[in-house]
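# Working through the structure, step by step
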Amino acid sequence: MDLADYVDDTATLFGIAENAAAGAVLRCGAASHVYIDGLSKWDDSEQYAAFELTGNLVEEGGDADLQTDEDTVIHGIGRRYVMKNATWEWIS
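Rules used throughout
- Residues numbered from 1 in each chain as written.
- Predicted model: local features only at pLDDT ≥ 70, side-chain atom pairs only at ≥ 80, totals over all residues.
- Heavy atoms only, no water.
- Helix = DSSP H or I, 4+ residues; strand = E, 2+ residues; numbered from the N terminus.
- Buried < 20%, exposed > 50% of the residue type's maximum accessible area, 1.4 Å probe, protein only.
- Areas by Shrake-Rupley, 256 points an atom, 1.4 Å probe, with all protein chains shown as cover.
- Phe/Tyr/Trp six-rings, centres within 6.5 Å; stacked < 30°, edge-to-face > 60°.

### Re the overall build of the protein chain
The secondary structure content of the protein chain amounts to 0 helices and 5 strands. Order of helices (α) and strands (β) in the protein chain, N terminus to C terminus: β-β-β-β-β. Looking at the protein chain as a whole, 36% of its 92 residues qualify as buried. In the form shown here, the protein chain has an accessible surface area of approximately 5700 Å², with 45% of it arising from carbon and sulfur atoms.

### Looking at the packing of aromatic side chains
The tally for this structure, following the rule as stated, stands at 3 aromatic pairs. Plain terms: the ring middles of Trp 42 and Trp 88 are 5.7 Å apart, the flat faces sit at 75° to each other, and that makes the pair edge-to-face. Residue Trp 42 is found in the loop between strand E3 (32–36) and strand E4 (50–60), and its partner Trp 88 is found in strand E5 (residues 80–90); the two are separated by 46 residues along the sequence. By way of ring pairs, the aromatic residues Trp 42, Phe 51, Trp 88 and Trp 90 are connected into one cluster.

Right, here's the structure in full:
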């Protein structure tokens, strides 16, 4: 799934709830995950469950955020997808 195809649109995604260092995410594939705006973490009972997530998908940050002016790579999450005004429903 290429999340870029859904940026700036209302989207419905299906995936697995996981907690990441920067907040709650929905893993929609091996290399596709979406942060959920306003949700810092899933409850223990929700983590690793399947969910349907609907909202406005946006792209934030950029890979340039991970480098200094001297081209030193720094720690961070860079470009990321975020679901705004999200609603979700447990499907498992």
